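Summary of structural features
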Amino acid sequence: MLLTVDIGNTNVVMGLMPTRGELASQLRFPTDKRRTVREFMDGFEALVAMHGFDFSDVTGAVVSSVVPELTESVVASVRAKTNLEPLVVNYKMNLGFSIDMDTPERLGVDMIADAAGAVNDYDGALAIFDMGTATTCSVLTSDRTYIGSIIYPGVVISQDALTAQCSQLPFIKFEKPKGLIGKNTVECMYSGVLYSNAATIDGLIDRIADELGEPVTAIATGGVSRMIVPACRRKIVHDPNLLLKGLWDLYKLNA
Ligand SMILES: Nc1ncnc2c1ncn2[C@@H]1O[C@H](COP(=O)(O)OP(=O)(O)OP(=O)(O)O)[C@@H](O)[C@H]1O
Ligand SMILES: CC(C)(CO)[C@@H](O)C(=O)NCCC(=O)O
Ligand SMILES: [K+]
């Protein structure tokens, strides 16, 4: 069983993965750069105990991090608890695709993991939307080259910025709007969250396909994709476990 850790800007997700992309046990911590090795070690302890597993069930470990401040603490805690050297995802390993970017070393490894999972599951040119703290769109051509990405503010942080900057706009916890055109502030904001993000995705898919000169398969993943994708007009495959599948595939290719 594989021990996985995905260090994102909002959450650190630890998991135990017996089969590709499926977590048998998981623990989510809010991302906090002050977290200590001890806290992560306790986390792994809880993760393993939660479903009656034992550390001897863990045969490998893989870590992906877009928060460099936390990577070393997590790696040290994995070592301490499992005696395994975790595979830390980076752009130089065997990925199953090539990267054609100015500074591949800067490309977020969450996007690398998404792409690694996607090239094994989908043919042709790909546009992979990952809707987390940021929304990202990774673009791969049909010859399995990662040619670039698009990065913009995530659904939640853009909403929070709107509320913070406008005194008459309240804090909202997203709900599905009754319709496109709101009749009161909160309904107007619900509509804004949903349809601005959905329309952006539709528009980006069209533009990417135009630029590549071939149709693209659009895939969406990440915490917030479940609420946005149903409002999109383009065909989009919702693949919530894509990054986890990528971690599994990267481990198989590199361990
Ligand atoms: N089902 C949901 N409904 C509403 N908001 C959500 C949902 N899931 C996640 N969020 C919010 O979306 C944001 C990103 O969440 P996610 O779990 O994707 O974070 P993350 O994996 O740490 O981020 P990243 O993908 O940037 O690494 C957070 O602000 C989170 O609170
Ligand atoms: C864009 C985010 C924040 C999305 O999680 C992450 O992938 C990241 O920090 N990337 C580094 C910059 C880049 O990908 O070019
Ligand atoms: K992130």
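Quantities reported herein were computed from a predicted structural model and do not represent experimental measurements. (Residues numbered from 1 in each chain as written. Chains lettered and ligands numbered in written order. Predicted model: local features only at pLDDT ≥ 70, side-chain atom pairs only at ≥ 80, totals over all residues. Heavy atoms only, no water.)

The strand order across the open sheet built from five strands is S3-S2-S1-S4-S5, with neighbouring strands paired in mixed fashion. Single-partner strands in this sheet number two, and they are strand S3 (25–30) and strand S5 (87–88). As defined by bridge partners, strand S1 (residues 2–7) adjoins strand S4 (residues 60–65) across six bridges and the pair is classed as parallel. Across the sheet, Leu3 pairs through a bridge with Ala61, a residue of S4. Lying over the sheet, helix H1 (residues 37–50) contacts S1, strand S2 (11–17) and S3, oriented at roughly 150 degrees with respect to S3. (Pairing = 2+ DSSP bridges. Helix = DSSP H or I, 4+ residues; strand = E, 2+ residues; numbered from the N terminus. Contact = heavy atoms within 4.5 Å. Axes fitted to C-alpha atoms, helices over the stretch in contact; angles between N-to-C directions.)

All right, on to the UniProt feature "active site" (unreviewed entry) in the chain then. As recorded in UniProt, the feature "active site" (unreviewed entry) lies at Asp110. Residue placement: Asp110 occurs in helix H3 (residues 109–121). Apart from residues no more than four positions distant in its own chain, Asp110 is found in contact with Val66 and Leu243. (UniProt positions renumbered as here; feature names shortened; annotations may be inferred.)

Moving on, we get to the layout of surface pockets. By volume, the largest pocket amounts to about 1300 Å³. Surrounding the largest pocket, 48 residues form its lining, Asp130, Gly132, Thr133, Gly222 and Gly223 being those nearest its centre. If you list the elements that add at least two residues to the lining of the largest pocket, you get S2, S3, H3, strand S8 (134–141), strand S9 (145–153), helix H4 (155–165), helix H6 (225–228) and helix H7 (242–254). Ranked by residues supplied to the lining of the largest pocket, first place goes to H4 with five residues. Of the residues belonging to the lining of the largest pocket, the class tally is 21 nonpolar, 19 polar and eight charged. Ser65, Val66, Pro68, Thr71, Val88, Val89, Gly108 and Val109 together form the lining of the second largest pocket. Classifying every residue of the lining of the second largest pocket by side-chain character gives five nonpolar, three polar and no charged. (1 Å grid on protein atoms, 1.4 Å probe; cavity = no way out; pocket = protein on both sides within 12 Å on 5 of 7 lines; lining within 4 Å. Points joined across faces, edges and corners; volume = space filled by probe spheres on them. Nonpolar A, V, L, I, M, F, W, Y, C, P; charged D, E, K, R; others polar.)

On to helix H5 (residues 185–212). Between its first and last C-alpha atoms H5 spans 40 Å; for 28 residues at 1.5 Å apiece the expected length is 40 Å, and the two agree. At the C-terminal side of H5, Gly213 shows a positive phi close to 70 degrees. (Expected span 1.5 Å × (residues − 1).)

Orientation of H1 relative to helix H2 (residues 68–82), taken along the N-to-C sense of each, is 50 degrees, at an axis distance of 8 Å. Here H1 lies oblique to H2, going by the angle between them. Here H1 and H2 pass one another in a crossing that is right-handed. Residue-level contacts link Val37, Phe40, Met41, Phe44 and Glu45 of H1 to Leu70, Ser73, Val74, Ala76, Ser77, Val78, Ala80 and Lys81 of H2. Looking at the contact of H1 with H2, its residues break down into nine nonpolar, two polar and two charged. (Parallel < 35°, antiparallel > 145°, perpendicular 65-115°, else oblique. Left-handed = near helix turned anticlockwise from the far one by under 90°.)

The next point concerns the domain arrangement of the chain. In terms of domains, the chain is made up of domain 1 (2–88) and domain 2 (98–248). The distance between the C-alpha centroids of domain 1 and domain 2 comes to 26 Å. On the domain 2 side, the residues contacting the 16 residues of domain 1 number 13 residues. Both sides of the domain 1 and domain 2 interface together cover about 1200 Å² of buried area, and 65% of this is carbon and sulfur. Considering only the side of domain 1, the residues that lose the most area to domain 2 are Arg20, Gly21 and Val66, jointly responsible for 43% of the buried surface there. Between the two partners, domain 1 and domain 2, sit one salt bridge. A salt bridge links Arg20 to Asp121, with the nearest nitrogen and oxygen atoms 3.1 Å apart. At the boundary of domain 1 with domain 2, the tally comes to four residue pairs in polar contact (both at pLDDT 80 or more). Of all the secondary-structure elements, those providing two or more residues to the side of domain 1 that touches domain 2 are S1 and S4. (Domains from an automatic or database assignment. Buried area = accessible area lost by both parts, 1.4 Å probe. Salt bridge = Lys/Arg side-chain N within 4 Å of Asp/Glu carboxyl O. Polar contact = N/O pair within 3.5 Å; in protein donor to acceptor, adjacent residues only side chain to side chain.)

Another aspect to go through is the packing of H3 against H7. At a minimum axis distance of 7 Å, the contact between H3 and H7 shows a crossing angle of 80 degrees. Taken together, the axes of H3 and H7 are roughly perpendicular relative to one another. Between H3 and H7, the contacting residues are Asp110, Ala113, Asp114, Ala116, Gly117, Ala118, Asn120 and Asp121 on the first element and Leu242, Leu243, Lys245, Gly246, Leu247, Asp249 and Leu250 on the second. Grouping the constituent residues of the contact of H3 with H7 by class yields seven nonpolar, three polar and five charged.

Okay, the nonpolar core next. Residues Val89, Phe97, Ile112, Ile128, Leu140 and Tyr146 are the most contacted members of the largest nonpolar core, which totals 31 residues. Sorting the residues of this core by element identifies H3, strand S7 (125–131) and H7 as the ones contributing at least two each. Per-element accounting of this core gives the leading share, eight residues, to H3. Here this core gathers at least three residues from each of two domains, domain 1 (2–88) and domain 2 (98–248). Look past the residues within four positions of Leu140 in its chain and what remains in contact with it is Phe97, Ala115, Val119, Ala125, Leu126, Ile128, Thr145 and Tyr146. Counting residues in hydrophobic clusters, the runner-up holds 26 residues, among them Ala127, Val193, Leu194 and Val229. (Core = buried A, V, L, I, M, F, W, Y, C linked by side-chain atoms within 4.5 Å. Buried < 20%, exposed > 50% of the residue type's maximum accessible area, 1.4 Å probe, protein only.)

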